[in-house]
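# Report on the structure
In case you want the letters, here they are:
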Amino acid sequence: MIIRKILYLFSYLNYRLRSSSKFKVHSPFVYELYTAVILDRTRKAVYNKIEKQRSALLRQRSLLETTDFGAGACSEAYKTRFRQVKNITRHSSVSPKFGQLFHRMVDFGSPKEILEIGTAMGISTMYIASAAPESRVITMEGCAVIAEKARENFNSLELNNIELDLGNFNNLLTKTLDKFDKLDFVLVDGNHRKGPSLKYFEMILPKLHPDSIVMIDDIHWSKGMKEAWEQIKEHKEVSISIDLFRTGILLFRKDIAKEDFILRF
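A brief look at the structure comes next.

About the cut-offs
Residues numbered from 1 in each chain as written. Predicted model: local features only at pLDDT ≥ 70, side-chain atom pairs only at ≥ 80, totals over all residues. Heavy atoms only, no water. Helix = DSSP H or I, 4+ residues; strand = E, 2+ residues; numbered from the N terminus. Buried < 20%, exposed > 50% of the residue type's maximum accessible area, 1.4 Å probe, protein only. Contact = heavy atoms within 4.5 Å. Polar contact = N/O pair within 3.5 Å; in protein donor to acceptor, adjacent residues only side chain to side chain. Core = buried A, V, L, I, M, F, W, Y, C linked by side-chain atoms within 4.5 Å. Pairing = 2+ DSSP bridges. Right-handed = clockwise from strand over helix to strand, strands pointing away.

Within the fold, L208 resides in the loop between α9 (194–204) and β7 (213–217). Using a relative accessible area of 14% as the deciding quantity, one classes L208 as buried. A C-alpha to C-alpha distance of 21 Å links L208 and K194, two positions 14 residues apart in sequence. Beyond its immediate sequence surroundings of up to four residues, L208 is in contact with L183, V186, V214 and F252.

Tracing the backbone through its elements, the reader meets T35 in helix α2 (residues 28–38). In sequence terms T35 and P206 are 171 residues apart; their C-alpha atoms lie 30 Å from each other. Among residues more than four places away in sequence, those in contact with T35 are K22 and D40. A polar side-chain atom of T35 sits 2.8 Å from the main-chain carbonyl oxygen of Y31.

Counting residues in each nonpolar core, the largest one holds 54 residues, and the members touching the most others are I38, M105, F185, M215, I242, L244 and I249. Residue contacts for I38: discarding those within four places in its chain leaves L33, L101, R104, M105, I242, L244, I249 and F265. L177, L183, I204 and W229 belong to the second-largest nonpolar core, a separate cluster that totals 26 residues.

Sheet topology places strand β4 (residues 136–141) next to strand β5 (residues 162–166); 5 bridges connect them, and they run parallel. Of the residues in β5, the one forming a bridge with M140 is D165. Chirality of the crossover, the property in question, places the unit of β4, helix α7 (residues 144–156) and β5 among those that are right-handed.

See below:
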């Protein structure tokens, strides 16, 4: 754990050295996206509602018997353990900064069909779904007890456009993708290993179109995730990739030249 934290710190320092400000973004489209959407700090009332829900979760000491099918299971197929609600929320939920970024990116893209791979307590789902209340949001979670807490959160904010699919992503993703004719917005935030991350991207690819937006979270979380990000952004269908350290953004527009950006956020 200590070694991972040290490596993560070095990755962040490297990102800071390599990242650019708006003054070095020469693509008009990316400049507008960066300055008007990514860097936007406008407060919205819904942000306060979601953060109030997070605060309530951070006060809950009740234990849940959780099942982890992803990186937390290490080399095992899955791993169960008891965790407090407040600790699950603290360690598994998106930060306000990036949750609000997800909200702005959804608002920018105006998607109708949205997929989230990795629900956790549903904080990121609430940021996404509240930005496009007329859209259909399907979010996937592997652990039944965590999924139930997420549903409680969705109900508390009266978000009625969310459908939660429960199961191991390796088995569930094909069935979930069958529900979509196309994907307008995708957030990949589950498993956090190289192999599955590459597999998930290849599986969603046939449903994407030139106006789709894909965001991949924790792209510098581990050596494997960094390698997965490097491979994904080089895919011939990806036209624009933006590295914001924690999160990567992928665009698929056909009217702009392929470029890779590392931007300060």
